[in-house]
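# Tertiary structure, described
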Amino acid sequence: MKKSAVLLLALLFAACTAPSEPTSPSESADQYFFPSNDNTYQYTYSQDKLTAIDTTTYRLRVNDTLGSFSQLIGIDQASQTSEVLLYFKNQVTADGTVMGIIAETPGDKGFVALQGTLDLGASWFADPNKQIEATVVGKYAEYYLPGRAVHYNDVVVVKYANKSGSADNYTIRYFARNYGLIMEQVVTGPTALVSNLQLLSRQGGSTIVNPDPKHDRWYNATGRYSAHMRDDLDVR
């Protein structure tokens, strides 16, 4: 295992708080995906560009048509043109497995961002061709985004790697319970880490979400933090 790749992931998993209660059963994937029943939410993301960091607010537009994608859509106040950050939907397989699917276009089949109960080490194929393998590599009771100005409770971390590509190239996405995607990191090469997307804030909604960290479910009965890197993960 290359030390540089391990160091990069160690930096990603450096922000957490101590537990106060034992663990409880894992929640299903839809608990960590975008809400699918409330059009009042607005998500403000920062996104890295080649020369600058753009900050854009997107409105959650829920599509109540069965099997269709909802979307995060932004409005450019100057041009009044709409930009869709991503399309998403929850889906349940014939055997009852819950999946959170993300797509770049409404006609795209998308990829499986989250699946099942999201236990540490759980894995699945994210694409129909079974080339991109997703693995749950960490869980946090409390996670601080880089700079420590913004934090979220109850966060699950998923790594996506192409089986036929370089082991040094992969994507990591962070999902907070009842929020959805809060950060996306892209690693390109053994030393290059690119921060692509961060959720700075969310407005709207009528319910209290992101529960207090003392009610987290990511610690065992002895109070030991359960997030860790697995030696058998394909990070080399």
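Being a predicted model, the structure only gives us computed values, none of them experimental.

### Quick look at the overall build of the chain
Counting secondary structure elements, the chain contains 1 helix and 12 strands. Going from N to C terminus, the chain has its helices and strands arranged as α-β-β-β-β-β-β-β-β-β-β-β-β. A total of 236 residues make up the chain; the buried ones form 43% of that total. The contacts of the chain with a sequence gap of at least 6 include a subset with a gap of at least 24, amounting to 51%. As displayed, the chain has an accessible area near 12,000 Å², and 50% of this comes from carbon and sulfur atoms.

### Section: the packing of aromatic side chains
Centre distance and the angle of the planes are the two values used to describe a pair of aromatic rings. Scanning the entire structure with this criterion turns up 11 aromatic pairs. Seen from their ring centres, Tyr140 and Tyr143 are 5.0 Å apart, and the 65 degrees between their planes marks the pair as edge-to-face. Comparing Tyr140 with Tyr143, the two get one shared label, buried. Between Tyr143 and Tyr174, the aromatic rings sit 4.9 Å apart at their centres with planes inclined by 40 degrees, giving tilted as the arrangement. Here the residue Tyr143 occupies a position in strand 8 (residues 132-144), and Tyr174 occupies one in strand 10 (residues 169-176), the gap between them amounting to 31 residues. Both residues of the pair, Tyr143 and Tyr174, count as buried.

### Some remarks on the environment of Met99
Of note, Met99 is situated in strand 5 (residues 98-103). Between the C-alpha atom of Met99 and that of Ala29, which follows or precedes it by 70 residues, the distance is 6.1 Å. The contact partners of Met99, leaving out residues within four places of it in the chain, are Lys89, Asn90, Gln91, Thr93, Val112, Leu114 and Gln115.

### Re the pattern of salt bridges
By the definition in use, this model includes 1 salt bridge. Here Arg173 and Glu184 are joined by a salt bridge, their closest N and O atoms 2.8 Å apart. Taken as a pair, Arg173 in strand 10 and Glu184 in strand 11 (residues 180-188) lie far apart in primary sequence, 11 residues in all. As far as burial versus exposure is concerned, Arg173 and Glu184 are alike and both buried.

### Quick word on the side chain of Glu184
Look at Glu184 and you get buried, because its relative accessible area is 15%. Reaching out from Glu184, the side chain makes a polar contact with the side chain of Arg173 at a distance of 2.8 Å.

### Considering the environment of Asp168
Mapping Asp168 onto the fold places it in the loop between strand 9 (151-162) and strand 10. According to the relative accessible area criterion, Asp168 is buried, its value standing at 10%. Along the backbone, Asp168 and Gly189 are 21 residues apart, and their C-alpha atoms lie at a distance of 4.8 Å.

### Overview of the side chain of Glu142
Within the secondary structure, Glu142 is located in strand 8. Salt bridges are absent for the buried Glu142, whose nearest opposite-charge side chain, Arg148, sits at 7.4 Å.

### Considering unusual backbone geometry
Leaving glycine out, the prevailing phi sign among residues is negative, and the prevailing peptide bond configuration is trans. Positive phi is not limited to glycine here, since Lys130 has a value of about 60 degrees. In this fold, Lys130 is placed in the loop between strand 7 (123-125) and strand 8. Unusually for a residue other than glycine, Asn178 sits at a positive phi of about 70 degrees. Take Asn178: it is sitting in the loop between strand 10 and strand 11.

### Description of the environment of Thr56
Locating Thr56 in the fold gives a position in strand 2 (residues 53-61). Sequence separation of Thr56 and Leu85 is 29 residues, and the distance between their C-alpha atoms is 9.5 Å. When residues no more than four places from it in sequence are discounted, the contact partners of Thr56 are Tyr43, Thr44 and Tyr45.

About the thresholds
- Residues numbered from 1 in each chain as written.
- Predicted model: local features only at pLDDT ≥ 70, side-chain atom pairs only at ≥ 80, totals over all residues.
- Heavy atoms only, no water.
- Helix = DSSP H or I, 4+ residues; strand = E, 2+ residues; numbered from the N terminus.
- Buried < 20%, exposed > 50% of the residue type's maximum accessible area, 1.4 Å probe, protein only.
- Contact = heavy atoms within 4.5 Å.
- Areas by Shrake-Rupley, 256 points an atom, 1.4 Å probe, with all protein chains shown as cover.
- Phe/Tyr/Trp six-rings, centres within 6.5 Å; stacked < 30°, edge-to-face > 60°.
- Salt bridge = Lys/Arg side-chain N within 4 Å of Asp/Glu carboxyl O.
- Polar contact = N/O pair within 3.5 Å; in protein donor to acceptor, adjacent residues only side chain to side chain.
- Lys, Arg positive; Asp, Glu negative; His and termini not counted.

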